[in-house]
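Chain by chain, the residues run as shown.
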Amino acid sequence: MKAKLVEKKRKSRDLESDSESDDELGNGLFDGVLSASEDEEDYIPSDQIEEDESESEGSEGSDDEADGDDDDILSDDIPSDIDGETDMDKLRRDAEELEITEPFVDPKPKDEDTEGRNYRIEKDANGGERYVYEEIDPVYDSDDSDAQGPANTIGDIPLTFYDSYPHIGYDINGKKIMRPASGDALQSLLDSIEVPKGWTGLTDINTGNPLNLTDEELELVRRVQMGLVPDGLHDPHPDTVEWFTSKQETMPLSAAPEPKRRFLPSKNEAKQVMKLVRAIREGRILPYKPPEERQREEEEKEEVHFDLWQDEEPSAPNPMHIPAPKLPPPGYEMSYNPPEEYLPSKEEREQWEKTDPEEREKDFLPQKFNSLRKVPAWGTLVKERFERCMDLYLAPRVRKNRLNIDPNSLLPKLPSPAELKPFPTVVQTIFRGHEGTVRSVAIDPTGVALATGGSDGTVRVWELLTGRQVWSVKLSSEDPVYTVRWRPTKDAFILAASAGEDIFLMVPTHSSVTPTLEKASREVLAAGFGYAANGNTPAVAPGKEPAGKWSRPGTRLEDEGVLVKITVRSTVKVINWHRKGDHLATTSPEGQRSSVAIHTLSKHLTQIPFRKLHGIAQTAAFHPSKPIFFVATMRTIRCYDLQKLELVKVVQPGAKWISSIDIHPGGDNLIVGSYDRRLLWHDLDLSNRPYKTMRFHPKAIRAVRFHRGGFPLFADASDDGSLQIFHGKVPNDQLENPTIVPVKQLKGHKVVNQVGVVDIDWHPREPWLVSAGADGTARLWM
Amino acid sequence: MDADMLDAPGAQVKVTFTTTEADLQLPDEKKQLLVPADIKRYGLSRILNSELMLNSGSIPFDFLINGSFLRTSLEDYLTSNGLSLETNLSLQYVRSLIPPKFEASFEHDDWVSAVDVLSADSPAGRWSGDSFQHGNDRILTASYDGLLRIWNASGNIITTSPSAGHGGHSSSVKSAKFLSNNQLASAGMDRTVRVWKYTEASNGASGDLKPTLELYGHQGSIDSLEVDGATKRLLTASADGAIGFWSTSKASAPEADAALLPGAQTAKRRKVNTSVSAAQRGPLNLMHIHNAPATAAVFDPRDRTVAYSASQDHTVKTIDLTTGAVVNTISTSHPLLSLAAIPRAGGTPLLAAGTAARHITLVDPRASAAATSVMTLRGHTNKVVSLSPSPYNDHSLVSGSHDGTCRIWDLRSVRPATQEEGGMGSVSEPVYIIERESREGKKRTVAGEGCKVFGVVWDKLGIFSGGEDKKLQINRGQDVVQQ
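Residues numbered from 1 in each chain as written. Chains lettered and ligands numbered in written order. Predicted model: local features only at pLDDT ≥ 70, side-chain atom pairs only at ≥ 80, totals over all residues. Heavy atoms only, no water.

### Observations concerning the overall build of chain B
- When you go through chain B residue by residue, the secondary structure sums to four helices and 36 strands.
- For chain B, with 483 residues in total, the buried portion stands at 57%.
- Taking contacts inside chain B between residues at least 6 apart in sequence as the whole, the part at least 24 apart equals 57%.
- Here chain B has roughly 19400 Å² of accessible surface; of this, 48% comes from carbon and sulfur atoms. (Helix = DSSP H or I, 4+ residues; strand = E, 2+ residues; numbered from the N terminus. Buried < 20%, exposed > 50% of the residue type's maximum accessible area, 1.4 Å probe, protein only. Contact = heavy atoms within 4.5 Å. Areas by Shrake-Rupley, 256 points an atom, 1.4 Å probe, with all protein chains shown as cover.)

### Here we look at the overall build of chain A
- Assigned secondary structure in chain A consists of 16 helices and 35 strands.
- Classification of the 782 residues of chain A by burial places 35% in the buried group.
- Of the contacts formed within chain A by residues at least 6 apart in sequence, a portion of 50% connects residues at least 24 apart.
- Within the structure as shown, chain A displays about 49500 Å² of accessible surface, and the carbon and sulfur contribution to it stands at 53%.

### Brief notes about the sheet that holds strand β30 (residues 405-410) of chain B
All names here are of chain B.
- Taken together, the four strands give an open sheet; going across it, the order is β28-β29-β30-β33, and neighbouring strands pair in antiparallel fashion. Edge positions in the open sheet fall to β28 (384-389) and β33 (432-435), since each of these has one partner strand only. Here the strands of the sheet are splayed against their neighbours by 20° on average, with no regard to which way each runs. (Pairing = 2+ DSSP bridges. Axes fitted to C-alpha atoms, helices over the stretch in contact; angles between N-to-C directions.)

### Observations regarding the sheet that holds strand β5 (residues 89-95) of chain B
All names here are of chain B.
- With mixed pairing, five strands are arranged side by side in an open sheet as β2-β1-β5-β3-β4. Bordering the open sheet on either side are β2 (32-36) and β4 (68-69), each of which pairs with just one other strand.
- Alignment of strand β1 (residues 12-18) against β5, held across four bridges, turns out to be parallel. Paired with Phe17 across the bridge in β5 is Leu91.
- Relative to the sheet, helix α2 (residues 41-49) contacts β1, β2, β3 (61-65) and β5, its axis offset from that of β3 by approximately 110°.

### A closer look at the confidence of the model for chain B
Residue and element names in this part refer to chain B.
- Per-residue confidence for chain B gives a mean pLDDT of 84; residues scoring 70 or more make up 93%.
- The weakest mean pLDDT in chain B belongs to helix α1 (residues 2-7) at 42; the strongest belongs to strand β20 (residues 294-299) at 93.
- pLDDT under 50 marks residues 265-272. Its contacts with residues more than four places away, or in other chains, come to eight contacts.
- The ipTM, which scores confidence in the relative placement of chains, is 0.84 for this predicted complex, and the corresponding pTM is 0.64. (pLDDT = per-residue confidence, 0-100.)

### Let's talk about the packing of aromatic side chains
Residue and element names in this part refer to chain A.
- Across all of its chains, the model carries 21 aromatic pairs over all chains by this definition.
- Here the aromatic rings of Phe431 and Trp462 are separated by 5.6 Å at their centres, their planes lie at 70°, and the arrangement is edge-to-face. Of this pair, Phe431 sits in strand β7 (residues 427-432) while Trp462 is found in strand β10 (residues 458-463), placing the two residues 31 residues apart along the sequence. Trp462 matches Phe431 in its accessibility class, with the two residues each being buried.
- Both rings, one in Phe610 and one in Phe629, keep their centres 6.2 Å apart while their planes meet at 20°; by these two values the pair is stacked. A residue pair is termed long-range when its members are at least 10 positions apart, and Phe610 in the loop between β20 (605-607) and β21 (617-622) and Phe629 in strand β22 (residues 628-633) qualify at 19 residues.
- Aromatic ring contacts, followed pair by pair, group Trp681, Phe696, Phe706, Phe714 and Phe726 into a single cluster.
- A cation sits over an aromatic face here: Arg360 above Trp352, 3.8 Å from the ring centre.
- Here Lys573 stacks its cationic end above the ring of Tyr482, 4.9 Å away from the centre of that ring. (Phe/Tyr/Trp six-rings, centres within 6.5 Å; stacked < 30°, edge-to-face > 60°. Lys NZ or Arg CZ within 6 Å of the ring centre and 35° of its normal.)

### Structural notes on the nonpolar core
- Residues Val459, Leu475, Leu505 and Met506 of chain A are the most contacted members of the largest nonpolar core, which totals 41 residues.
- In this structure, Leu475 of chain A is in contact with Gly457, Thr458, Val459, Val481, Ala497, Ala499, Phe504, Met506, Leu557 and Val562 of chain A, ignoring residues within four places of it in sequence. (Core = buried A, V, L, I, M, F, W, Y, C linked by side-chain atoms within 4.5 Å.)

### Comments concerning unusual backbone geometry
- The residue after Lys421 of chain A, namely Pro422 of chain A, is reached through a cis peptide bond having omega 5°.
- Its place among the elements puts Pro422 of chain A in the loop between α14 (381-394) and β7.
- One non-glycine residue, Gln754 of chain A, lies in positive phi territory at about 70°.
- Looking at where Gln754 of chain A falls in the secondary structure, it is placed in the loop between β32 (739-747) and β33 (757-762).
- Take Gln754 of chain A: its relative accessible area is 57%, and that puts it in the exposed class.
- The phi dihedral of Arg191 of chain B is positive, around 70°, even though this residue is not glycine.
- Among the structural elements, Arg191 of chain B can be located in the loop between β12 (183-188) and β13 (193-200).

### Some remarks on the UniProt feature "repeat: WD" (unreviewed entry) in chain A
- Under the present numbering, the feature "repeat: WD" (unreviewed entry) in UniProt falls on residues 431-472 and 757-782 of chain A.
- Note that residues 757-782 of chain A is 0% helix and 62% strand, and that its end C-alpha atoms are spaced 17 Å apart. (UniProt positions renumbered as here; feature names shortened; annotations may be inferred.)

### Regarding the interface of chain A and chain B
- Opposite the 32 residues of chain A that make contact, chain B presents 37 residues.
- With both chains or domains summed, chain A and chain B bury close to 2800 Å², and 49% of this area falls on carbon and sulfur atoms.
- Where chain A touches chain B, the interface holds three salt bridges.
- Note that Lys174 of chain B and Glu463 of chain A form a salt bridge whose closest N and O atoms lie 2.5 Å from each other.
- Linking chain A with chain B are 16 residue pairs in polar contact (both at pLDDT 80 or more), by the criterion used here.
- When its residues are assigned to classes, the side of chain A that touches chain B shows eleven nonpolar, eleven polar and ten charged. (Buried area = accessible area lost by both parts, 1.4 Å probe. Salt bridge = Lys/Arg side-chain N within 4 Å of Asp/Glu carboxyl O. Polar contact = N/O pair within 3.5 Å; in protein donor to acceptor, adjacent residues only side chain to side chain. Nonpolar A, V, L, I, M, F, W, Y, C, P; charged D, E, K, R; others polar.)

### Considering the pairing of β33 of chain B
Residues and elements named next belong to chain B.
- Here β33 shows one buried face, formed by Tyr432 and Ile434, and one open face, formed by Ile433 and Glu435.
- Of the pairings in the sheet, the one linking β30 to β33 comprises four bridges and is antiparallel in character. The residue of β33 that forms the bridge with Arg407 is Ile433.

### Observations regarding the pairing of strand β11 (residues 469-474) of chain A
Residues and elements named next belong to chain A.
- Judged from the five bridges that link them, β10 and β11 form a sheet pairing that is antiparallel. Across the sheet, residue Trp462 finds its bridge partner in β11, namely Gln469.
- Here β10 hands over to β11 after five residues, with Gly467 in that stretch at a positive phi of 85°.

### Describing a nonpolar patch on the surface
- On the surface, Val241, Trp243, Phe244 and Leu253 of chain A cluster together to form a nonpolar patch covering roughly 580 Å² of accessible area.
- For Leu253 of chain A, a relative accessible area of 71% corresponds to the exposed category. (Patch = residues over 30% accessible without salt bridge, like charges linked within 9 Å, V, L, I, M, F, W, Y side chains within 5 Å.)

### Let's talk about the side chain of Thr437 of chain A
Residue and element names in this part refer to chain A.
- Summarising the element assignment, Thr437 is placed in the loop between β7 and β8 (438-443).
- Assessed through its relative accessible area of 19%, Thr437 is described here as buried.
- Contacts of Thr437, omitting those with residues within four sequence positions, involve Gly454, Ser455, Val758, Gly773 and Ala774.

### Re the pattern of salt bridges
Residue and element names in this part refer to chain A.
- Counted under the stated rule, the structure contains 40 salt bridges over all chains.
- For Glu340, the salt bridge identified is with Lys368, shortest N-O distance 3.6 Å. Of the two residues, Glu340 is situated in the loop between α12 (291-300) and α13 (346-354) and Lys368 in the loop between α13 and α14; the sequence distance between them amounts to 28 residues.
- Residue classification places Lys368 among the partly exposed residues on the basis of a relative accessible area of 38%.

Structure (structure tokens):
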């Protein structure tokens, strides 16, 4: 053993020197070497490690060989086993071992057989090679580190090799171990000598000497054979030593206080126990039963069925329940013995068989049987029941709750048109005479005369009810008469008309123009000439054209009653009188800066109120009671205070191109017609935005007009040839909103060149409407 | 007849014949009769005319059941009214109507605005007294060209009034009436009323019209003229809202307002040089009682001191002409355009007013009357501008309208108004519709364009109507309404 240690030390030194001298060694290799040496250093006497070493230390072999240690030729097993077992006891014990442990009787040959392959090569899962080592069986008392090395150092070779020699091996010092005497010489000696005590007749295989056993060994063998405890000193029945007794010792063995576990039940154990108890109670742990018994019990266990509905109480049907429709009761044809007429004829049968089962009118053919017992079972019963169930299931019988709201009740409450009578409904007079479009209509303030202006350049006056033309004048041969407007007072009978850049003021011949009235009218018109002649005209900057030139139109027209001509800078399209009849506002959209002009009759004065206009002026009008002036451009309507000379309000109807506006006689409401087909009602007190937007026409709206004689009516005229009459009541109460009801659409005018109705006017007293159409007619609707 | 009844295979209906006509009464025992259910008007008429019943020869009869004429078979009537065959039907028989056959039409140069007739039975004929010779029937027409024309019955113009330069109207004549067989009056858009002396050659082939009086006072077109030959008074309604009461005699008429005379105007206008000068007079009374154009004024047929006027201001006013005061005002719901007084036996007349709302309102002018609006005559499709009561009876009238028709109404045939007609009062529908012959059976134009009727008169000579078609149309007017 010491030698081994020395050897190891030397080896490790070598390794150290190697590692010092040879840096080129791979670390892995070095590690492996180091670990191997470590394994050897804290020596574990196990065969496994030794076997490992025998495998891994192939490289070390050279080192060992260099030592000249002949042990190393052999595997380490045998030398280690035999190392130091010089004494016979060990050998003997080994021999006993061999005998007693039968399976390990000959480990050495097995080891030798499996020299180099004490493992199996198997394929692992990856297909690579895998070394599977046999399990090592560490025999009891394998630790032979204390055993003496063998006296004979020939190694693990049979002694028969030495049969021809006088010695049988070498001892550790290299001295020959001589063969003991044997054979006949000894036999004789033995015969003569009494068998010594402890003689066994066996030969020690290591020494070749007769194996003698000592008394102790013999005693041991005997005890083993007797089945007793091998140790003779062992007392199987010793006296009881009462270490812990009920007696209170005066001097306890230990001064330590008694631990709690001695007198307190263990909680943990109680927990464990309770776990088990619970498991048993719940049936998770069952008492053990042999499988056969268990199987038998399972077989014996019966299947138990439960009636789900046995306790069900009959409840009142759901109010939403709809019972399944009943199948019709069977008729004669379903009888087993139907009357003859129900039986199918041959053709019918063929027909039935030919048709697809899905398309058959009925899914059976009546059959006749002589007696009930000949009726076969109904083949399709299950299928029929199934289909019936499917029908009931797939067609959910649900009562649908309709939302019980009358759609009419959601509409705003508007009075019916019948209650809003009177309003114009039919055309009653047609005024025919103009060539080309009638551009403008106006009913005089007394309500007996109608004035029209047309594209033919004429102004005509008609008897309103009969449609008789009573007066006519041709103002221009080139320009159409764009607009005619009566002076709104009854003290004179004056008509204003525009043709081209000229505005004409005239006194038409009419039955109601008495000499007195005519004189008054002429005086009204002529008054300004005197005013101008007196030099009261404001000084016009030299070289600057006056805004309007007032003149007499010439003898021809003067004879007809046309008395004054005002010439402005561009074509006048719209004329609107002030309510007092002294001012009239004209609008000429092409007139840029001077497009809106205000003419004063009494002074023969034309003024241009605006230096700059925001957009192209479309129309301009006076407020019916206040000194407010409205100017409509294409998009907006501006309200100016004429006294303070300031902008009061900007109304934005949201229309793209305003065609006309009219102000309610009350003055707080405004209607706007636009070429983009909209009619807009503005409440001027409310907002700049329209109170109501109406789209009733598929084409542009050309004119809008309020009734000024007390009827809550207004109308629009459209290019689709129709007029729409509205009931538009403005309540006296400021808080209420105006009621607007469309009451009637009047159709009759023909559309010529995409132009329908151009202008409208209301009768001053009655709900009568006059319209001017592109078809050359004016029409009276009442 | 009995054989007819017995042969009838179908059911029979028990009828009771009644009548209001005294000369056609049946004896009581014959009033009830069983007749076949499928019998119609003609059969019933034959039964009544048969020897066993009235033995009246061949008077055509019409039958009224519950106020409406029987136009179908009795059976159909019963089924449509949901009555059983056992019902005892009360049949009121009246003389049947003959459609107002077109007789003639006289051509004019311009629209005919008014018509009047001088005949033995016309008011003018009665006012003429003995001087009117039977058969010398004359027809007066006023035209929009400002001329008056007098026609004889055969369609020849006897005379035409002089033009404006010779004492005639300077503008359209809207109304003209005979005062007697040698005097007539006219008024028009020149705001004057003119009284003419009419003389006729002995052979009746030519005549002469001379203006005798020019009456000034109105400030608007005179739309209506009513005359009373007996008292020589005129009544006018003008667009200025005034009702004028005039005298036709120079002596009794006051002087005219100088401001209204044509010479009053100072401006340089075309002077009307009148070569023939007639006396210029003013009104006896000019009543500004309407605040809208007055459209018609009529005398009370019974009492010539009472007049009724209608206006576009929706009112009918009763005027006491002696004081010129308004006695009673009746408001209607529509502008009124024409007025006629229908005499009622022993009482104030019933007033028929044509409205701009296409119907005729019958009003009771008595202040005590509970309901002023008695009845509405519906059927016209345009303004009703002329009315004339029947010369034969007190329950029918003819109306002329701008829709181009004249309609004959029987006030006895009534039905309750439907809901859409207002649901109040009773309504009648026309018995006959006289179309304009100039339309030659074509469909009526929109708004009566080209065929408006401006004036209509119903005389025993016939129904005379003039209109926009420049024609005077004469239709037979006898027996178109039951007596």
